[in-house]
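Report on the structure
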Protein chains: 2
Amino acid sequence: MNKPATIKDIASYCGLSVATVSRVMNDKGPIKADTAERVRQAVDALGYAPSMAARALKTASSSVIGVILPSLTNPVFAETASGIQQRAREQGLTPIILSSDYDLSLERSAVATLLGYQVEGVLLTVNDAASSDALARLDKEGVPYCLMHNVPRQQVCGYIGVDNYRAAAEVAVYLADLGHRCIGMVSGDFQRTDRARDRHAGFLAGLRYRNLELAQLVQVDPVNAVGLTGEIHRVYEQAGSAPTAWFCSNDLLALATIAKLQLLGIRVPEDVSIVGFDGIQAGTLRQPNLASIRTPNAEIGAAAVDQLLTNKRGIPGQTGRTLGHQLLMDGTVAPPPDHLS
Amino acid sequence: MNKPATIKDIASYCGLSVATVSRVMNDKGPIKADTAERVRQAVDALGYAPSMAARALKTASSSVIGVILPSLTNPVFAETASGIQQRAREQGLTPIILSSDYDLSLERSAVATLLGYQVEGVLLTVNDAASSDALARLDKEGVPYCLMHNVPRQQVCGYIGVDNYRAAAEVAVYLADLGHRCIGMVSGDFQRTDRARDRHAGFLAGLRYRNLELAQLVQVDPVNAVGLTGEIHRVYEQAGSAPTAWFCSNDLLALATIAKLQLLGIRVPEDVSIVGFDGIQAGTLRQPNLASIRTPNAEIGAAAVDQLLTNKRGIPGQTGRTLGHQLLMDGTVAPPPDHLS
DNA sequence: CTGTTAGCGCGTTCAG
DNA sequence: CTGAACGCGCTAACAG
């Protein structure tokens, strides 16, 4: 690994001073066209890349932003990362993307890591915005940040997300108006993330609005849907009123639920309707399409970059906003079977 | 954004010299237990995080590794990124993950960006290892790298992947031995990536080994599967021998193909068998499971980190290796319908 | 065991 | 329009 060319190398190669080279690299101050050209040639010839480390040290600004996501493989966060990536590139920022694996201590250490890189700001999704050490640390250090997907009650530096509560309520009303009277919910452990809680609460509220109760609540490990098979089995084995519709707190759970139902010989949506949440691609790569709430995940990422930049410039005004969601109520959703409606 | 504490702040806070603080931070040299404790307290109190920029400048090593992937949302690369992330954390390295969006010029500029951060090395998947400017640049700068998913013919710094050719050939043989005689392939544009080419070539070879020809080749835009509907339609409208089995060069294409076939009233696998490639999660979240080749994507990422470290230490020996794949030949694969076998 | 100091590569004065 | 010199925060070498 031969050591990289420095600004000095360029300077001596051109017979100029480092100051002049620096000016050319940054388009600062008046430079003779001829000089600039010579420098560019040298840069090309020697493969010079300015050291971001030295630059950061000198200017006290790194053009790096930190990103902390619960998972890189979950399509929701992958799309978010992709949106961040793209917008950051446009803005001349380099993201350092870290995964917390839904682990609070990794959330904390990720913040610590990013602090060392003197990031301009941090974009992050935390398990629970109301009680996050990570956020507390960022507040304490005065590093601007923007939450993604979390829509906190308390005052925070910035946030971008969707209205999980409202969206879930809309699903409940939709299913009720379709004639469903016995409705269940499959949720990831909603003690763990504020999103799961909001979706649960919103769904209950929507049902109540139509004078319905939640007939069944199945809670499973959200990563591997551990226990789902058993629970589904249990519900449909006991005689009596099993739900004709299920709302699942995310699409991955919804797809898993459909697969389990099919194994029991239950047809979707003829016998049972299923609605997910997130609108991931896998849901559209099947027949019938998975009914879901589509959330603008990439836009959330991009908007978070913008929000961060706004905060940094100290522009007063809103600290965040919710983006619109979209009900995709076809495919795996249908009225209940005749005799049950 | 209050400015971060520096080593000097800690030093004066404790009434010590910066050197001592530095020693404590890096566990270097003998330190009185009491002194160390005082430093730790100060670090905690002031929220001090050593500046990676200054450290990199001084030590000429950044503990940052660069990562360039064609996409962050494709599950294959998302899993790879996740594997990298995890192993890098264990090794005290911080990855900077960039997406090239399958774009050659972004591939190049991503390398340029990473060079500025004095990365210890680069892990990357390129469109075509045999003709990559990005690789050429890395070679020229003497930056260690490790290809992921690309398994190049020429000598490179390092690589980790699966044997696409062999895996595809195994699928061909499997389908042939199941009784299929009329077999098609759905491929992403295989002029674009070496993986698609290898899979195509391997599949042809496997068929030839069983004295078969490829009955149909459908090429589509690999990102959105543009044109797939039309092509499938065309094949099954013309009377005569339509394939009883399709090999798709990745799972996303396979799932899209199944959906299209179902829209034409063709059942999978009763009428037509479908095999994908990659073994992504979406394939297992359906009934029947998608038949596929499972590739160890996260392990490829993790192994690439290891390979990079090996290369850096200049340990002689192999420059890379292929990891094993796994045939998952159930679910959407079955013998051809009786009258056609 | 601890302190002093040079210098990593760069951008930014201030002179010329 | 260009050059010389300083210092950002840190580690390593040397001194005590």
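About the cut-offs
- Residues numbered from 1 in each chain as written.
- Chains lettered and ligands numbered in written order.
- Predicted model: local features only at pLDDT ≥ 70, side-chain atom pairs only at ≥ 80, totals over all residues.
- Heavy atoms only, no water.
- UniProt positions renumbered as here; feature names shortened; annotations may be inferred.
- Helix = DSSP H or I, 4+ residues; strand = E, 2+ residues; numbered from the N terminus.
- Salt bridge = Lys/Arg side-chain N within 4 Å of Asp/Glu carboxyl O.
- Least-squares fit on C-alpha atoms with pLDDT ≥ 70 in both.
- Contact = heavy atoms within 4.5 Å.
- Pairing = 2+ DSSP bridges.
- Axes fitted to C-alpha atoms, helices over the stretch in contact; angles between N-to-C directions.
- Near = heavy atom within 4 Å.
- Polar contact = N/O pair within 3.5 Å; in protein donor to acceptor, adjacent residues only side chain to side chain.
- Nonpolar A, V, L, I, M, F, W, Y, C, P; charged D, E, K, R; others polar.
- Buried area = accessible area lost by both parts, 1.4 Å probe.
- Phe/Tyr/Trp six-rings, centres within 6.5 Å; stacked < 30°, edge-to-face > 60°.
- Lys NZ or Arg CZ within 6 Å of the ring centre and 35° of its normal.

In the nomenclature of an unreviewed UniProt entry, chain A is known as Transcriptional regulator, LacI family of Marinobacterium lutimaris.

Considering the UniProt feature "domain: HTH lacI-type" (unreviewed entry) in chain A
According to UniProt, the "domain: HTH lacI-type" (unreviewed entry) feature falls on residues 5-59 of chain A. Measuring from the first to the last C-alpha atom of residues 5-59 of chain A gives 20 Å, for a span that is 71% helix and 0% strand.

Observations regarding the pattern of salt bridges
All names here are of chain A. Applying the stated rule across the entire model yields 28 salt bridges over all chains. A salt bridge links Glu 141 to Arg 137; the shortest N-O distance between them is 3.1 Å. Here Glu 141 and its partner Arg 137 are both found in helix H7 (residues 133-141), four residues apart, which amounts to about one turn of the helix. One network of salt bridges, with partners in common, ties together Arg 87, Glu 90 and Asp 306.

Some details on the relation of the copies chain A and chain B
Its rotation angle being 180°, the transformation that places chain A on chain B also includes 0.0 Å of axial translation and leaves an RMSD of 0.1 Å. Read as a symmetry element, the transformation amounts to a two-fold axis. Closest approach to the rotation axis within chain A is made by the C-alpha atom of Ala 53 of chain A, at a distance of 2.2 Å. The residues that chain A uses at the interface reappear at the interface of chain B in 100% of cases, marking a shared surface.

Observations concerning the sheet that holds strand S7 (residues 216-220) of chain A
Consider a sheet: its strands pair through backbone hydrogen bonds, and that pairing is either parallel or antiparallel. Residue and element names in this part refer to chain A. The four strands lie next to each other as S7-S6-S8-S9, forming an open sheet whose pairing is parallel. Pairing within the sheet leaves two strands with one partner each, and these edge strands are S7 and strand S9 (273-275). The average angle at which neighbouring strand axes cross in this sheet is 20°, direction not considered. Sheet topology note: the strand S6 (residues 183-188)/S7 ladder contains five bridges and is parallel. Bridge assignment links Met 185 to a residue of S7, and that residue is Leu 217. Packed on one face of the sheet, helix H9 (residues 194-209) meets S6, S7 and strand S8 (245-248) and runs near 170° to S6. Of the strands in this sheet, S6, S7 and S8 touch helix H10 (residues 228-237), which is tilted by about 165° from S7.

Observations regarding the protein's contact with DNA strand C
Ile 7 and Arg 55 of chain A together with Arg 23, Thr 35 and Lys 58 of chain B are the nearest of the 26 residues found near DNA strand C. A distance of 3.0 Å is found between a base nitrogen of DNA strand C and a side-chain nitrogen or oxygen belonging to Lys 58 of chain B. Elements that contribute at least two residues to the surface near DNA strand C include exactly helix H2 (18-26) and helix H4 (52-59) of chain A together with helix H2 (18-26) and helix H4 (52-59) of chain B. Taken together, the residues of the surface near DNA strand C break down into ten nonpolar, nine polar and seven charged.

A look at the interface of chain A and chain B
Accessible area lost upon the coming together of the parts serves often as the stated size of an interface. Counting residues at the interface gives 59 residues for chain A and 59 residues for chain B. The contact between chain A and chain B buries some 4500 Å² in all, and 59% of this surface belongs to carbon and sulfur atoms. Seen at the junction of chain A and chain B, the total is two salt bridges. Among the ionic pairs, Asp 101 of chain B bridges to Arg 89 of chain A, the shortest N-O distance being 3.4 Å. Counting the contacts that link chain A with chain B gives ten residue pairs in polar contact (both at pLDDT 80 or more). When contributions to the side of chain A that touches chain B are tallied by element, the ones reaching two or more residues are helix H3 (33-46), H4, helix H5 (75-90), strand S2 (94-99), helix H6 (104-116), H7, helix H11 (251-263) and helix H12 (281-284) of chain A.

Brief notes about the sheet that holds strand S9 (residues 273-275) of chain B
All names here are of chain B. Overall, parallel pairing links the four strands, which are arranged S7-S6-S8-S9 in an open sheet. At either margin of the open sheet sits one strand with a lone partner, and together these are strand S7 (216-220) and S9. Sheet twist, expressed as the average angle between the axes of neighbouring strands with direction ignored, equals 20°. Against the sheet, helix H10 (residues 228-237) engages strand S6 (183-188), S7 and strand S8 (245-248), with an angle of about 165° to S7. Each of S6, S7, S8 and S9 is contacted by helix H11 (residues 251-263), which is oriented at about 160° to S9, the strand it contacts most.

Topic: the protein's contact with DNA strand D
The environment of DNA strand D is made up of 26 residues, and the closest members are Arg 23 and Lys 58 of chain A together with Ile 7, Tyr 48 and Lys 58 of chain B. Within the side chain of Lys 58 of chain B, a nitrogen or oxygen atom sits 3.0 Å from a base oxygen of DNA strand D. The set of elements that each furnish at least two residues to the surface near DNA strand D consists of H2 and H4 of chain A together with H2 and H4 of chain B. Tallied by class, the residues present in the surface near DNA strand D amount to ten nonpolar, nine polar and seven charged.

Overview of the packing of aromatic side chains
The relation between two aromatic rings is expressed through the spacing of the ring centres and the mutual angle of the planes. For the structure shown, the criterion picks out six aromatic pairs over all chains. Between the aromatic rings of Tyr 236 of chain B and Trp 246 of chain B, the centroid separation amounts to 6.4 Å while the plane-to-plane angle is 50°, which identifies the pairing as tilted. Placement of the pair is Tyr 236 of chain B in helix H10 and Trp 246 of chain B in strand S8, with a sequence separation of ten residues. One aromatic cluster is present, formed by Phe 203, Phe 247 and Phe 277 of chain A through successive ring pairs. The ring of Phe 277 of chain A is capped by Arg 199 of chain A, whose NZ or CZ atom sits 3.7 Å from the centre of that ring.

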